[in-house]
2 protein chains.
Amino acid sequence: MTVPAPDTKRAVRQRGGVKKACTPAAPFIVIAWPDSTHSAKCVCFVFRTEAAVKLRDATQGQLLLTVSVKAKASRCLEDVSEDRCPQWLPEWVGAGCALSTEPRQGAREHLPTASVSSKHLGPLSRFLHFSYFPTLKAGFHLSGRRCPLRSGSSTKFLEMPGTTEELEASNEAPLAGEGSSDKISLEREQPTEEDLLLAAAYVYDAQYNRNIPFETSPQSIRFYYLYSHWAMQVATYFFIFLNLSLALFEEPAVYPLPFLATSLTEVLCLCVFFGRLVQFAKVTPRTVFWKDTKNICIMLTILLTLLDLIIYGSLRVFNIHSVRWSRFLRPLFLINFPESRQIRRAFRSIRNTLPEVLYVFLLLMFNVLMFSLMALKLFGDRNLKTVEGSSYFTNILDIMFDLYVLVTTANSPDVMMPAYDLDWRYSLFFITYIVINTYIFMSVFLAVVYNNYRKHIKNEIRKLAYMKRHKMIKAFNILKAKEGTEFVVKEVQWKRLVKIVAPDISNSHRELLLRISDEEQKGYVDKKCFLRLADLLNIQVITIKFKRHPLEMWMPHVYKSSGSLFIQKVVQHRVFVWIYDVIIVINAVFIALDEKNPFISYAEWVFLSLYIIEILLKLYTYEPKTFFARNQFWNWFDSLIIIAALMATAANAAIKSAVEYNSQQILDIVFILRLLRLIRIVDSIQRFRVIMTTLINIIPTMLTFGGLVLVVYYMFAIIGMELFQDKIQFFSESSTDPHAVDCGNPALKDSTFARSRYCKNNFNDLASSFIVLMELTVVNQWHVIADGFALVTHQAAKLFFIAFHIVVVILIVNIFVAFILEAFFVEYSLEKSEIETTIEKKIQELGMGIQEENVSDGQLIDNMETNENNLSGGGEMQRQSSKGLFFRIASKRYRTVDALLQRMFESEISPEDEGPSLDEILNLSPSDMYPKNPTFENSA
Amino acid sequence: MTVPAPDTKRAVRQRGGVKKACTPAAPFIVIAWPDSTHSAKCVCFVFRTEAAVKLRDATQGQLLLTVSVKAKASRCLEDVSEDRCPQWLPEWVGAGCALSTEPRQGAREHLPTASVSSKHLGPLSRFLHFSYFPTLKAGFHLSGRRCPLRSGSSTKFLEMPGTTEELEASNEAPLAGEGSSDKISLEREQPTEEDLLLAAAYVYDAQYNRNIPFETSPQSIRFYYLYSHWAMQVATYFFIFLNLSLALFEEPAVYPLPFLATSLTEVLCLCVFFGRLVQFAKVTPRTVFWKDTKNICIMLTILLTLLDLIIYGSLRVFNIHSVRWSRFLRPLFLINFPESRQIRRAFRSIRNTLPEVLYVFLLLMFNVLMFSLMALKLFGDRNLKTVEGSSYFTNILDIMFDLYVLVTTANSPDVMMPAYDLDWRYSLFFITYIVINTYIFMSVFLAVVYNNYRKHIKNEIRKLAYMKRHKMIKAFNILKAKEGTEFVVKEVQWKRLVKIVAPDISNSHRELLLRISDEEQKGYVDKKCFLRLADLLNIQVITIKFKRHPLEMWMPHVYKSSGSLFIQKVVQHRVFVWIYDVIIVINAVFIALDEKNPFISYAEWVFLSLYIIEILLKLYTYEPKTFFARNQFWNWFDSLIIIAALMATAANAAIKSAVEYNSQQILDIVFILRLLRLIRIVDSIQRFRVIMTTLINIIPTMLTFGGLVLVVYYMFAIIGMELFQDKIQFFSESSTDPHAVDCGNPALKDSTFARSRYCKNNFNDLASSFIVLMELTVVNQWHVIADGFALVTHQAAKLFFIAFHIVVVILIVNIFVAFILEAFFVEYSLEKSEIETTIEKKIQELGMGIQEENVSDGQLIDNMETNENNLSGGGEMQRQSSKGLFFRIASKRYRTVDALLQRMFESEISPEDEGPSLDEILNLSPSDMYPKNPTFENSA
């Protein structure tokens, strides 16, 4: 398939007529001009939303018209033809005409540049008169019964640069189907399968906040579905990580593989990336594709990597060692594929923060310099010695490094001790330094980073919310049909749509969504309700069916016997949970005790069986499918841990009794599993559970930071391996090598690095590098590591470590802290006042919801059981209307701060507000977010 | 003087009649009942503001009435007498009567408990009918011409518990001065000197946000003036710090003094504190005084200290060593005197945060325990050794301590190395641990602390703002006079008031304030403008007078000669500043170079003279008084540094040439002075200046944290000295003592503590203790110090260090970071949008202001000079109206976040809003501040 060209004739033919041209909800523009033999060239356009549109001549890029309109028209220009034009409706708000001055062959080149600003259009009169275009010699009314369109005129597809708008034009088809056009304007045809697919794509994108501009031709849409299939995305990520993990197998390798194997794998990865890119190019409009730096970046990276592979490979043939520098570029794939939006945003955060951080950093550096000079003068010629016996504060560069390290507190108080030993007053110098630089400046860094984070997160969320709204409006316009005075989406279409968008939701769930959307069961969904569909689909509704326990079905008299009921009552009782909490605590004590004692190792079996009995009892009491429902995290957790522990303990015992095999690995696993059980105690205390829930909610976004850290670590690791590989060696403790004490490098003799036995902190392979970088992130003793590597190479090597500190500790860790702060604040403000969306309210109103408060894990089941008992006790009538179905909103705590803020923002924009135009959305700036006059409420 | 008793008869006589009883703006209550021989006891009260009042029988504390009213009456109940009562005005909104059931001797004890809630009072009818008191057998109307007050009835002063309201009652004087009362009600007399003093006290308190409840009798007010005199406050602080600094001279002493001297000083301090307390007791109402825990706390501390002194002293006579435990209590004086409001607030912040922090901390501890158990099982029986050769992870308590230290990152990566050396996969254990505990949990601590800080700061500010409003209304009501239909304050009274409140502001400044308050020059200030007075006084207005240069006056033709003018132009030019910036940079390079080189030491003289020339040139160009104006920080800074450096350098040279005296101290000072000059570079770069300004603005509030840290450090230092005194000794480097290597304690042999030569980090005197605590605050290597002290005493000593870490690092440092974050955020939001108060606008409107933007340091002077040139050039007419005077608002950046937030809050409450009642203000809770539905704007 070729990349679709902006050839409208073909596009129109594919879409099956003019009516399709009316579907997009975005600024809808019909441009038509007569063929070049005619004296007048006409451009008519109708806007349906607020928009700023620039029309350019497609061939020359000359600006034709700039029109900015703001209006809400509720109707669509069905088609434009000689006869339909006079029935111009008041809702069509913008219309403009431009006529060329002279009729000529190839007159396109001579289209006048008419600039109509919104000011000229004024209150958007229905008709643009000739007088608005004083530079034009000819013009015409759109009023009256005359329309400038003539048969035989050619149509032109004009694209707006840089936006995702579709501009479609046609005046051919209406001429063919003139007769039916009257009817079409009043009642829409059934949307075709392609329309549904397109609408579903919009809804799906709105639901998951995907913002990939795609072409709307039916073929492109099918491609788009293929492109965004989860399997394709998983495959892309697989190859990205495969490509990244190649560093494990290349020299210096953790698991060495021949160069041929790794290079072939890399070429394979590159091919996959290229294929994915081609796929993306087919989906997205060509101009958009080439304007996107992400795509250019991927292409360049592929090219550079290939080039490097060729150079390295050919040099290798001649046994010349060279550097595989392109490995440094590999993380770019992770960043630049459209799926990694979150990671890109984190990087954007960093980039935005840089200017402000830079100034604070320069001030900090100035401070360090000042204090260094002071220290040089104060301590330089006193012949003081450090603990290691080296001279103290004599070299300005060393002093600066020492004082920079002191900012990170890593060498406190050692760096102070020689001066302090001399006179206690000198400690004031260091204390002043620490207070100013460590406490104040480091807090300022956090403040700057956090402030930027807050500023930008809001802006991005605003953008996302408006984009979502746009997509939903587009989808609505595709599917809408006229019902009375308003446009609506018919129930049939709605159901078909939902089936395409979310094929795996249950029928009852879909029915619920329909009842929420079509409250009065009128058989259609109006626009306001339709726009909420994406949010509705995003709410994880859990369908709760009241099932009877299988045992009750199989042998009801046994299960319902008094003994059995007593057991069920006991298990459901609060005290049962408490007893098991006590058992867990006792178990914890036993774990802490000595393992050697045979009594204790037998006790382990007792505990295991107690836990198994607990699970069995619960399974006896509760319906198994409900017990192991998807959201019953703790039930799953318990059972898995216990079963795994049972298996591992049994395996361990078997191996132990059979041979004297080293089962240490299994033992370790058993220990850890045994300890994980203790976590259950946390779950049984309410206050702890709240904190835990917040932390668990944060996890998905923390994975973004995982990606960010991975990218930065990988780059530093690659550089580090090139710089420091094999400079420091690790000898196992049993080694008798004389170099074992100085890590295999005489330069390290008597250094703190060797004395602290840091030999394993080296850059000899990817795993070691990552661990060293982690240690550097933790900051403590980083100067010892930096010193060590400086000793075996050059003092300039410290720059590598300082750079790492600045990037990771000052920027990334601070953004991480900012993110956690923000997450907790949003959680806190929610704790006080529940934001309930209209949708959630509706579920409650319909009487089909179960209060969130009642449904914390264990209690849910109690609650359900009680209901069931009531039902069987005779209250069945009450519930019959809901067919034994209950819905539960999976969690009112939204997974991420983003999702939450987005909902808050959306609840504040009215359903009628269609938001600014796409162009404007993309240019929204965070500084707009600042209220002009900060109020007391939102200031602190 | 005795403590004033609530004897109203005396109070009334002192105040000179009933009219005084009407002055307070707070709920004003007149209670009168006939003597006990009468059958009816009547309680009439009139409220003038929103209030919830509980009346209790003064002798028994029995609840008489609970009335809650909300109203705004614009008139004051002038007096209550038999004749005046019928002229009850509609503005008097609340009235209640309670009658005793049976007349009896000592009928007070039998007053009925009538509870009238606001519900009963309903829409606050003017008259309370008998029917409202169904439990009473008798009642009467307040309507009509009958009034229940009879001659010979006794009056009772009822106080409301816990508030600062004044309740004054009288019905004697009106009976005496019945004839004149009519006139008084229409036109007020001139306020007496006492009234002015009282009003001034209110305004002054409002201006400085002081909230000391004081009695309003003239004598008490004079006492209050004495009490709040700055000299008294300075003296109090002097003795507080003297008392604290006694620890320097007591055993273990930095500078030893005999026990007698220190104990006598302490007794002196205690006497001063007691005196101050007595003074406070005289100023404030007795019940308020005794309900205030601060006062009780001070008294108890004084008693306990005396007791301890006596016990210690007497034991000392018999040579028995005992512990001076009361030294631990000394910081309580710093906290509990009313002046230390800020420090108390910081402590309140900590206290409020405790519950939430506790839960997170318990979760953290649980985590540590879990990981410790895991570590014990994983590494316990592998016979690993640490670098020091001790066994690795074998004891659960040691492991827990090690892992707690790892949370603080202080022993990373050392604690990991033995396991990591064994197998690299074990590092994952530690990495997981660090990510969870150090990164996530520590951020959660910050989030919890910060969230609480934000919550409470707003509440406190709201309270302060309302209190201020109350005080200003009280002041207004004292001074008001009737002018037409409204009450106003006459210009004469206003001027007298301002003179008392702010005696040291210039006449022109006062004139400006009057013009702002009395915009239309009507000769009086209305209520709305009067309420702003405190804010007006708080704005630092700088009066700028355009003075001629003295040289111009003395020898105008020389000063105005072309050469002289050229010099002035050069000095004023931007390039002049740049040249000196370059000189400073060159100077910095010279400082960094070797001092020994004679060329360089001569260069210092060159630089010094260059700087002196700069100052002289500037003094020649600019008017000296303007150049050294109070707000010209950098001019002062430059000149002082240069003069000091000149003197020190000269002194150093003189001493050097005279004798071979060790002038190291002077040399150090010279070095530091020389370096401080470099700071000027920062000032010349705009972006740096912004950051610096913010930091400088934060300084005053940081002093609060200084106080907080001092209190905590002091307490820990005292405990530390008792526990660890002389356990570790420091030997100077030249010492040949064999114990020098193990800090004088064999237990430290081969310990990391001794090997790192930390011997001087001990608790042998207050200074050393403070430095050790500072090192512990910085966290790094704190486990080494803790281990050292545990070795010389007992392992339990580590608890001391862990406690310190929790209090200082987890709580105080986080509050400090929260404070800096908040300060920066407020600054940021201000940068975008200036909050200009009406007052500032007015100054601008009056054309008497100079734009803040034009007045950054050097430019100010330029600006002024230009104006002056214009003036002399003939533009004198334009400026004559303002008498050559210009006002400038010293700084739009307010010194503290508090001040700023308070202004923001005040700009949002309307001038008519008199706020809730005092009782309600004091009970405002931070949770009220939460918006019921958090919006997108104020959420993130």
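A brief structural summary. (Residues numbered from 1 in each chain as written. Chains lettered and ligands numbered in written order. Predicted model: local features only at pLDDT ≥ 70, side-chain atom pairs only at ≥ 80, totals over all residues. Heavy atoms only, no water.)

### Some words on the overall build of chain A
Each helix and strand in chain A was counted, giving 38 helices and 9 strands. Looking at chain A residue by residue over its 940 residues, the buried ones come to 55%. A separation threshold of at least 6 residues defines the contact pool for chain A, and within that pool the share at least 24 residues apart is 75%. If you sum the accessible surface of chain A, you get close to 41100 Å²; carbon and sulfur atoms cover 61% of it. (Helix = DSSP H or I, 4+ residues; strand = E, 2+ residues; numbered from the N terminus. Buried < 20%, exposed > 50% of the residue type's maximum accessible area, 1.4 Å probe, protein only. Contact = heavy atoms within 4.5 Å. Areas by Shrake-Rupley, 256 points an atom, 1.4 Å probe, with all protein chains shown as cover.)

### Let's talk about unusual backbone geometry
The amide bond that connects Ser412(A) to the next residue, Pro413(A), takes the cis arrangement and shows omega of -5 degrees. If you trace the backbone, Pro413(A) turns up in the loop between helix 13 (396-407) and helix 14 (417-422). Here the residue pair Glu251(B) and Pro252(B) is connected by a cis peptide bond, since its omega of -10 degrees sits within 30 degrees of zero. Within the element layout of this structure, Pro252(B) appears in the loop between helix 7 (230-245) and helix 8 (259-283).

### Here we look at the state of the cysteines
This structure, assessed with the given rule, holds 2 disulfides over all chains. The disulfide partner of Cys743(A) is Cys759(A), and the S-S distance across this bridge is 2.0 Å. Judged by the sign of its S-S torsion, about -65 degrees, the bond between Cys743(A) and Cys759(A) is left-handed. A residue pair is termed long-range when its members are at least 10 positions apart, and Cys743(A) in the loop between helix 29 (686-724) and helix 30 (752-755) and Cys759(A) in the loop between helix 30 and helix 31 (766-778) qualify at 16 residues. In this structure Cys269(B) is a free cysteine whose sulfur lies 9.1 Å from that of Cys271(B), the closest cysteine sulfur available. Of the residues examined, Cys269(B) reaches a relative accessible area of 0% and is grouped as buried. Cysteine Cys297(B) is unpaired, with the sulfur of Cys269(B) as its nearest cysteine sulfur at 17 Å. The exposure class assigned to Cys297(B) is partly exposed, which follows from its relative accessible area of 23%. (Disulfide = S-S within 2.5 Å.)

### What to know about the pattern of salt bridges
All chains considered together, the criterion is met by 34 salt bridges over all chains. Glu194(A) is paired through a salt bridge with Arg222(A); the nearest N and O atoms lie 3.6 Å apart. Residue Glu194(A) is found in helix 5 (residues 193-208), and its partner Arg222(A) is found in helix 6 (residues 218-227); the two are separated by 28 residues along the sequence. By relative accessible area, which is 33% here, Glu194(A) ends up partly exposed. The residue Arg324(B) makes a salt bridge to Glu266(B) at a minimum N-O spacing of 3.1 Å. Taken together, the residues span a long stretch of sequence, with Arg324(B) in the loop between helix 10 (293-317) and helix 11 (331-336) and Glu266(B) in helix 8 at a distance of 58 residues. For Arg324(B), a relative accessible area of 7% corresponds to the buried category. Through salt bridges that share partners, Glu250(A), Glu266(A), Asp308(A), Arg324(A), Arg327(A), Arg330(A) and Glu722(A) make up one connected network. (Salt bridge = Lys/Arg side-chain N within 4 Å of Asp/Glu carboxyl O.)

### A short note on helix 17 (residues 507-517) of chain B
Since the α-helix advances by 3.6 residues per turn, residues separated by three or four positions end up pointing in the same direction. Of all 11 residues in helix 17 of chain B, 8 are buried, a share of seventy percent or more. Looking only at helix 17 of chain B, the buried set comprises Ser508(B), His509(B), Arg510(B), Leu512(B), Leu513(B), Leu514(B), Ile516(B) and Ser517(B).

### Some thoughts on the pairing of strand 6 (residues 486-490) of chain A
Residue and element names in this part refer to chain A. Pairing of strand 5 (residues 481-483) with strand 6 involves 3 bridges; the strand directions are antiparallel. By the bridge assignment, Lys-482 is partnered in strand 6 with Phe-487. Taken together, strand 5 and the strand that follows it, strand 6, pair antiparallel across an intervening segment of 2 residues, in which Gly-484 is found at a positive phi of about 65 degrees. Alignment of strand 6 against strand 7 (residues 524-526), held across 3 bridges, turns out to be antiparallel. Following the sheet pairing, Val-489 is matched in strand 7 by Val-525. (Pairing = 2+ DSSP bridges.)

### Things to note about the sheet that holds strand 6 of chain A
Residues and elements named next belong to chain A. Strand order in the open sheet formed by 3 strands is 5-6-7, and the pairing between neighbours is antiparallel. What marks the edges here is a single partner per strand, and that holds for strand 5 and strand 7. Taking the axes of each pair of neighbouring strands and ignoring which way they run, one obtains an average angle of 55 degrees across the sheet. Here helix 15 (residues 427-479) sits on the sheet and contacts strand 5, strand 6 and strand 7; the angle it forms with strand 6, its principal contact strand, is near 85 degrees. (Axes fitted to C-alpha atoms, helices over the stretch in contact; angles between N-to-C directions.)

### Some points on the packing of aromatic side chains
The tally for this structure, following the rule as stated, stands at 92 aromatic pairs over all chains. Centre to centre, the rings of Phe379(A) and Phe393(A) are 5.8 Å apart; their planes meet at 45 degrees, and the pair counts as tilted. Taken together, the residues span a long stretch of sequence, with Phe379(A) in helix 12 (residues 341-379) and Phe393(A) in the loop between helix 12 and helix 13 at a distance of 14 residues. Just as Phe379(A) is buried, Phe393(A) falls in that class too. Aromatic side chains Phe379(B) and Tyr426(B) sit 5.1 Å apart centroid to centroid with 75 degrees between the ring planes, which places their arrangement in the edge-to-face category. You can see Phe379(B) sitting in helix 12 (residues 341-379) and its partner Tyr426(B) sitting in the loop between helix 14 (417-422) and helix 15 (427-479), a full 47 residues away along the chain. A residue is classified by how much of its surface remains accessible, and Phe379(B), at 0% relative accessible area, is buried. Overall, the relative accessible area of 14% leaves Tyr426(B) in the buried class. In this structure, Lys798(A) is placed above the aromatic ring of Phe401(A), and the distance from its NZ or CZ to the ring centre is 4.2 Å. (Phe/Tyr/Trp six-rings, centres within 6.5 Å; stacked < 30°, edge-to-face > 60°. Lys NZ or Arg CZ within 6 Å of the ring centre and 35° of its normal.)

### Considering the sheet that holds strand 5 (residues 481-483) of chain B
Residue and element names in this part refer to chain B. The strand order across the open sheet formed by 3 strands is 5-6-7, and the pairing between neighbours is antiparallel. Looking at the sheet topology across the chains shown, the edges are occupied by strand 5 and strand 7 (524-526). Across the sheet, the axes of successive neighbouring strands diverge by a mean angle of 55 degrees, strand direction being ignored. Most of the contacts of helix 15 go to strand 6 (residues 486-490), to which it runs at about 85 degrees, and overall it touches strand 5, strand 6 and strand 7.

### Re the environment of Val809(A)
All names here are of chain A. Tracing the backbone shows Val-809 in helix 33 (residues 797-832). Overall, the relative accessible area of 17% leaves Val-809 in the buried class. With 187 residues separating them in the primary sequence, Val-809 and Tyr-622 have C-alpha atoms 50 Å apart. Apart from the residues within four sequence positions on either side, Val-809 is in contact with Leu-776, Thr-777, Val-779, Phe-804 and Asn-814.

### Overview of the environment of Arg286(A)
Residue placement: Arg286(A) occurs in helix 9 (residues 286-291). Expressed as a C-alpha distance, the spacing of Arg286(A) and Glu193(A), which sit 93 residues apart in the sequence, is 25 Å.

Nothing here speaks to function; it is all geometry.
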